[in-house]
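Coordinate inspection notes
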Amino acid sequence: MMKTSSKKKSVLQLPRNRESAGTRISKPDTRLLDAEQFLLPTYKRQPVVMTHGRGAYVFDSTGKKYLDFLGGIAVNALGHAHPRVVKVIRREAARAIHLSNLFHNAYQGPLARKLANWSGMDRVFFSNSGTEAIDGAMKLARLFGRKPDEAPGTAAKKHRFLALENSFHGRTFGAISVTSTEKYRLPFAPVVPGAEFVRFNDIADLEAKLDDTVCAILLETVQGEGGIYPASEAFWNRARALATQHGALLIADEIQCGLGRTGRYFAYQKFSSRPDIVLIAKPLAAGLPLGAILATEEVASRVSPGMHGTTFGGGPLACAVALEFLKTVEDEKLLENIRLRGAELRDGLAKLAARFDFIREVRGEGLMLGVELSVEGGPFVSEAMRRGLLINCTHDFTLRLLPPFIITRAQVREFLRLFELVLAATPQQVSTDTAKSVGSNRVARATAR
Ligand SMILES: Cc1ncc(COP(=O)(O)O)c(C=O)c1O
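Residues numbered from 1 in each chain as written. Predicted model: local features only at pLDDT ≥ 70, side-chain atom pairs only at ≥ 80, totals over all residues. Heavy atoms only, no water.

Side note on unusual backbone geometry
Using the following cut-off: Comment: elements are numbered from the N terminus, with helices defined as DSSP H or I runs of at least four residues and strands as E runs of at least two.
Cis geometry marks the peptide bond from alanine 189 to proline 190; its omega dihedral reads 0°. Here proline 190 lies in the loop between helix 7 (182-185) and strand 6 (195-198). Even without being a glycine, isoleucine 228 presents a positive backbone phi close to 65°. As for its placement among the helices and strands, isoleucine 228 is situated in the loop between strand 8 (222-223) and strand 9 (229-230).

Structure (structure tokens):
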């Protein structure tokens, strides 16, 4: 059926086609009009059409170049059009994009082996996204908690999930149930029953909420969307000990912070104990959709064929690229680069924080950094875009930096130069409820015992 034109009026500030820029005839970009008319309005998108990328840079349809310190929200760890990734995609696309999980393919097994080596886990399930990995892990936790004498179909006694305040785990029903931000969860109530939130890094609250009805403690080792907040060592250790004591699983969501981002293969590797399940996604297949659940043998042994599955997850193309991504991180010694460039960035940001009093705090590790402001961050993101820099703002006040692992020293310097200009040029907007919002946005820094 033809679409009628009785649509809402455009509110977009549409960019003009390049050919027409600066001339009298200027046409709005019809791709943006189509997007506005036909897409579900789930995002407040910037009114630009991004067309391609090279290394740490992205280009829009007018030819404007941006230094990419967002990396597709922690996805493009090798930047754009990395030659090794392009080569594997070309090769595999000509062989088989999809086969089926009813058969083996050449890459799933070797990729699972490599992920097991990196993580210290035993078995792997491949999903299509982070949120799907979260939902799968929640199913595994319920399965693990169920006693043999509990009749199938009855609610298991051990069914509760403890997640953390300020968490973000995705958009499917399981994931929103353990995501604390109310606007993501409340409109869809009732969500999966049994989820509760523990104050961030608050051991006393964890102890108070944990009992034998809990099947899993689920946490981001470093909270990403929440504003770059690492779990404390004391909290991790206590969560590990309590989970073991009560027969619950400790699940580390490393979808944003894992696979090298913090300068280690996994962020939890700075602690002395490992979780029972690790979840990964974002950079795994260098931009192709792929996530994974990594589990211990004890957890994995509860699964039998038919209990869980996926059509697309673990396809040959995505797995071949993921294997190439992991090998590239090793071959190009990218963990070292992440640590070195991360330290340079932090140093530079600390100097800027001393000059601009509206920077409240710089935090994070490796190439996962947050710059918390006492004023609204949105205008800084827009000013950065105007100046050819991509960054992002989370929870209104924290600018989030997630540059690719291949970033060079010169590009860190380029970023710091641009960022300084952005900080100096952006009008500071202090909303009427800034104090309240900043206060509530900041997670309680509980004294860890
Ligand atoms: C920590 C964390 N968990 C889960 C997710 C959900 O992943 P996806 O968007 O691939 O479903 C995200 C996405 O931002 C995330 O940052």
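Looking at the sheet that holds strand 10 (residues 249-253)
Condition: If DSSP finds at least two bridges between two strands, the strands pair. A fitted line through C-alpha atoms represents every axis, and for helices the fit uses only the stretch in contact; the resulting angles, taken between N-to-C directions, go from 0 to 180 degrees. Every residue pair with non-hydrogen atoms within 4.5 Å of one another is taken to be in contact.
One open sheet accounts for seven strands, arranged 4-12-11-10-7-5-6; its pairing is mixed. For this open sheet the edge positions go to strand 4 (123-127) and strand 6, each flanked by a neighbour on one side alone. Between one strand axis and the next, the sheet turns by 20° as a mean value, whatever way the strands run. Strand contacts of helix 4 (residues 108-119): strand 4, strand 11 (277-280) and strand 12 (291-295), with the helix running at about 120° to strand 4, the strand carrying the most contacts. In the packing of helix 9 (residues 233-246) onto the sheet, contacts are made with strand 5 (160-164), strand 6, strand 7 (214-220) and strand 10, and the angle to strand 10 comes to roughly 145°.

A word on the pattern of salt bridges
What counts, and what does not: Whenever Lys or Arg places a side-chain nitrogen within 4 Å of a carboxyl oxygen from Asp or Glu, that contact is recorded as a salt bridge. Relative accessibility thresholds used throughout: buried, under 20% of the residue-type maximum; exposed, over 50%; partly exposed, between the two (1.4 Å probe, protein chains only).
Under the definition given, this model contains 23 salt bridges. As a salt-bridge pair, arginine 31 and aspartate 29 come within 2.8 Å of each other at their nearest N and O atoms. The exposure class of arginine 31 is partly exposed, given its relative accessible area of 44%. Across the salt bridge formed by glutamate 196 and arginine 160, the nearest N and O atoms sit 2.7 Å from each other. One end of the pair, glutamate 196, is in strand 6; the other, arginine 160, is in strand 5, and 36 residues separate them in sequence. Judged by relative accessible area, glutamate 196 falls into the partly exposed class, the value being 30%. Assessed through its relative accessible area of 13%, arginine 160 is described here as buried. In the salt-bridge network here, residues are joined through shared partners; they are Arg360, Glu361, Arg363 and Glu372.

Quick word on the confidence of the model for the protein chain
Applied cut-off: What pLDDT conveys is the predictor's confidence in a given residue, as a value from 0 to 100.
Taken as a whole, the protein chain shows an average pLDDT of 92; of its residues, 90% reach a score of 70 or greater. Contacts from residues 1-23, a stretch scored under 50 in pLDDT, to residues over four places away or in other chains number 30 contacts.

Regarding the environment of methionine 121
As for its placement among the helices and strands, methionine 121 is situated in the loop between helix 4 and strand 4. Residue methionine 121 is classed as buried on the basis of its relative accessible area of 4%. Taking the C-alpha atoms as reference, methionine 121 lies 5.2 Å from threonine 296; in sequence the two are 175 residues apart. Apart from the residues lying within four places of it in its own chain, the contact partners of methionine 121 are Ala116, Tyr268, Arg274, Pro275, Asp276, Val278, Leu294, Ala295 and Thr296.

What about the site of the ligand?
This is how the line gets drawn: One heavy atom within 4 Å of a molecule or strand makes the whole residue count as near it. Nitrogen and oxygen atoms within 3.5 Å of one another constitute a polar contact, given that in protein one can donate a hydrogen and the other can accept it, and given that sequence-neighbouring residues count only through two side-chain atoms. Residue-level accessible areas treat just the shown protein chains as cover; the underlying method is Shrake-Rupley with a 1.4 Å probe. Throughout, the ten residues Ala, Val, Leu, Ile, Met, Phe, Trp, Tyr, Cys and Pro are labelled nonpolar, Asp, Glu, Lys and Arg are labelled charged, and all others, Gly among them, are labelled polar.
Residues in contact with the ligand, as listed here, are Ser129, Gly130, Thr131, Phe168, His169, Gly170, Glu220, Asp253, Ile255, Gln256 and Lys282. Here an oxygen atom of the ligand sits 2.8 Å away from a polar atom, N or O, in the main chain of threonine 131. Contact between the ligand and lysine 282: an oxygen atom at 3.1 Å from a side-chain N or O atom of the residue. Burial of the ligand by the protein chains amounts to 81% of its free accessible area of 380 Å². Here the residues of the shell around the ligand are counted per class, giving two nonpolar, six polar and three charged.

Considering the packing of aromatic side chains
The line we're drawing: Only Phe, Tyr and Trp rings take part, Trp by its six-membered ring, and two of them pair if their centres are within 6.5 Å. Stacked means planes under 30 degrees apart, edge-to-face means over 60, and tilted covers everything else. Two limits define a charge over a ring: the Lys NZ or Arg CZ must be within 6 Å of the ring centre, and within 35 degrees of the ring normal.
One pass over the structure, following the stated rule, counts eleven aromatic pairs. Here the aromatic rings of phenylalanine 325 and phenylalanine 405 are separated by 6.3 Å at their centres, their planes lie at 40°, and the arrangement is tilted. Taken together, the residues phenylalanine 325 in helix 11 (residues 316-331) and phenylalanine 405 in the loop between strand 17 (398-401) and helix 14 (409-425) connect sequence positions 80 residues apart. Judged by relative accessible area, which is 0%, phenylalanine 325 ranks as buried. A residue is classified by how much of its surface remains accessible, and phenylalanine 405, at 0% relative accessible area, is buried. Cluster of aromatic residues (ring-pair linked, three or more members): Trp236, Phe266, Tyr268 and Phe271. Geometry around tyrosine 57 places lysine 65 over its ring, the cationic atom sitting 4.3 Å from the centre. If you follow arginine 302 out to its NZ or CZ, it ends over the ring of phenylalanine 144, 4.4 Å from the centre.

Details of the sheet that holds strand 15 (residues 389-390)
The strands that make up a sheet pair up through hydrogen bonds in the backbone, lying either parallel or antiparallel. Spatially, four strands are ordered 1-2-3-15 in an open sheet, and the strand pairing comes out mixed. The outermost strands of the open sheet, each flanked by one partner alone, are strand 1 (50-54) and strand 15. The pairing of strand 3 (residues 65-68) with strand 15 spans two bridges and is classified as parallel. Residue pairing in the sheet places aspartate 68 in a bridge with leucine 390 of strand 15. Along the sheet face, helix 14 touches strand 2 (57-60), strand 3 and strand 15 and points at about 110° away from the line of strand 3.

Details of the nonpolar core
Defined as follows: As used in this record, nonpolar core signifies buried Ala, Val, Leu, Ile, Met, Phe, Trp, Tyr and Cys residues forming a set joined through side-chain atoms within 4.5 Å.
Core analysis: the biggest nonpolar cluster contains 88 residues, and Leu349, Ile391, Phe415 and Phe419 have the highest contact counts within it. No other element matches the ten residues that helix 11 contributes to this core. Leave out the neighbours within four places in its chain, and phenylalanine 419 touches Leu349, Leu352, Val371, Leu389, Ile391 and Leu399. Among the nonpolar cores identified, the runner-up in size contains 24 residues, and Phe161, Ala175, Ala216 and Ile251 belong to it.

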